[in-house]
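Letter by letter, the chains look like this.
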Amino acid sequence: MTTTQTAPAVVPDFGDETEQRRICFICSKGNLDMAYPALIMANGALGEGVEVDIFFTFWGMDMINKGTWGDLQFSMLGNTAMHMKGSTKHLPQGLGGLPGMTAFATNMLKKQIADLDVPEVPEFVQMLHDMGARFWACKLSVDMMGLTKDDMFEGVEDIINVSEFIELSEGSQVIFI
Amino acid sequence: MSLATIAGRDVHVDEEGFMTEYDEWSEEVAGQLASNIAIELTDRHMEVIDFLREDYKAQGETATLRRVTTVGGIPTKELFQLFPKKPAKKMAYIAGLPKPKGCV
């Protein structure tokens, strides 16, 4: 180890003095593999002191719908990057259409995620809420799917329309998933 | 890598100011590091710091927020109250450990 000289202690910059950063995520997908990107990035952002809003729309509603959030699925179909862990050989798309393949692929993915100690979707959503994320449900999707606030995770702030979302995301970075 | 004087003793720190030598840490050093970032350590803070240090010793890497909650038993919400804004990095800084590398 090379040491130079004793210097006045440097204090890390934790950004306490800098302008508050904000990120809005739009979650539009209800596939298991498409639920995680926003959850993981939101978790990272919150841990970095960034204010986070998440707007759930269309199939993304399944991430906060208590009837579905614990049972999101992963399908091989349409995913040409599908290969087994540790292999670069792509699996034929036709396999994905066989009975039971979606359940199989879903279980495999869930296991791989759990092995990394990443929580399942309901626990993850609750964790982000505890970290201070704010959740919004899309009015059009709610109407289309015949949902009410009672169907959703209790931490959802409100059901809002698109103009309200545009207002609340003013000045914020927006990430669409 | 340089030497800095913290709480009256010379300790090794990286360019950001995080300590690099596990054994150079002490509670006095922690108190000084905490006050550098405007945190006054309470017993509850020390529970978190002690967990982080023990866990680092066992695992060889700094626990993420989730691990502090699931294994250390301290609710995530409380971590944000104890170490506002960037809890994972602030905890690691005070505990004399590297920043956590895990994503979740």
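Shown above is the structure to which this text applies.
Structure report, in brief. All of these numbers come straight from a predicted model, not from anything done at the bench.

Each partner contributes to the interface: chain B provides 29 residues, whereas chain A provides 29 residues. Buried surface at the junction of chain B and chain A, both sides included, amounts to about 2,700 Å², of which 57% is carbon and sulfur. Looking at the side of chain B facing chain A, the largest losses of area belong to R66, K85 and V104 of chain B, adding up to 26% of the total buried there. Our count for the chain B to chain A interface comes out at five salt bridges. At the junction of chain B and chain A, the tally comes to eight residue pairs in polar contact (both at pLDDT 80 or more). Within the residue set of the side of chain B that touches chain A, elements represented by two or more residues are β1 (2–6), β2 (9–13), α3 (65–70), α4 (76–82) and α5 (87–94) of chain B. The residue inventory of the side of chain B that touches chain A, partitioned by class, reads 12 nonpolar, seven polar and 10 charged.

Bringing empty space enclosed by the protein into the picture now. All names here are of chain A. Considering all chains together, one arrives at one cavity of 30 Å³ or more under this definition. In this structure, the largest cavity encloses a volume near 60 Å³. Residue lining of the largest cavity: L32, Y36, K110, I113, A114, V118, E120 and V121, and that is the complete set. When residues of the lining of the largest cavity are traced back to their parent elements, those giving at least two are α1 (32–47) and α2 (101–115).

In this model α1 of chain A runs 23 Å from its N-terminal to its C-terminal C-alpha over 16 residues, within 8% of the 22 Å that 1.5 Å per residue would give. A positive phi of about 80° marks G49 of chain A, the residue just after α1 of chain A.

Turning to the nonpolar core, a few remarks are in order. Membership of the largest hydrophobic core comes to 78 residues, with the highest contact counts inside it found for I54, I64, V121, L128 and F135 of chain A together with V68 and I94 of chain B. The element contributing the most residues to this core is α1 of chain A, with eight residues. Those residues within four positions of F135 of chain A in sequence are excluded, and the remaining contacts are I54, F56, V125, L128, H129, F153, G155, V156, E157 and D158 of chain A. The next biggest cluster of nonpolar side chains, apart from the first, holds eight residues, and it includes F55, C138, F165 and L168 of chain A.

We now examine the sheet that holds strand β5 (residues 156–160) of chain A. Residue and element names in this part refer to chain A. Ordered in space as β5-β4-β3-β2-β6, the five strands form an open sheet in which the pairing is parallel. A strand with exactly one partner marks an edge of an open sheet, and here the two such strands are β5 and β6 (173–176). The average undirected angle you get between the axes of adjacent strands in this sheet is 20°. As defined by bridge partners, strand β2 (residues 22–27) adjoins strand β3 (residues 51–56) across six bridges and the pair is classed as parallel. Bridge pairing in β3 places I23 opposite V52. Here α1 sits on the sheet in contact with β2 and β3, set at roughly 170° to β2.

So, how was this worked out
- Residues numbered from 1 in each chain as written.
- Chains lettered and ligands numbered in written order.
- Predicted model: local features only at pLDDT ≥ 70, side-chain atom pairs only at ≥ 80, totals over all residues.
- Heavy atoms only, no water.
- Contact = heavy atoms within 4.5 Å.
- Buried area = accessible area lost by both parts, 1.4 Å probe.
- Salt bridge = Lys/Arg side-chain N within 4 Å of Asp/Glu carboxyl O.
- Polar contact = N/O pair within 3.5 Å; in protein donor to acceptor, adjacent residues only side chain to side chain.
- Helix = DSSP H or I, 4+ residues; strand = E, 2+ residues; numbered from the N terminus.
- Nonpolar A, V, L, I, M, F, W, Y, C, P; charged D, E, K, R; others polar.
- 1 Å grid on protein atoms, 1.4 Å probe; cavity = no way out; pocket = protein on both sides within 12 Å on 5 of 7 lines; lining within 4 Å.
- Points joined across faces, edges and corners; volume = space filled by probe spheres on them.
- Expected span 1.5 Å × (residues − 1).
- Core = buried A, V, L, I, M, F, W, Y, C linked by side-chain atoms within 4.5 Å.
- Buried < 20%, exposed > 50% of the residue type's maximum accessible area, 1.4 Å probe, protein only.
- Pairing = 2+ DSSP bridges.
- Axes fitted to C-alpha atoms, helices over the stretch in contact; angles between N-to-C directions.

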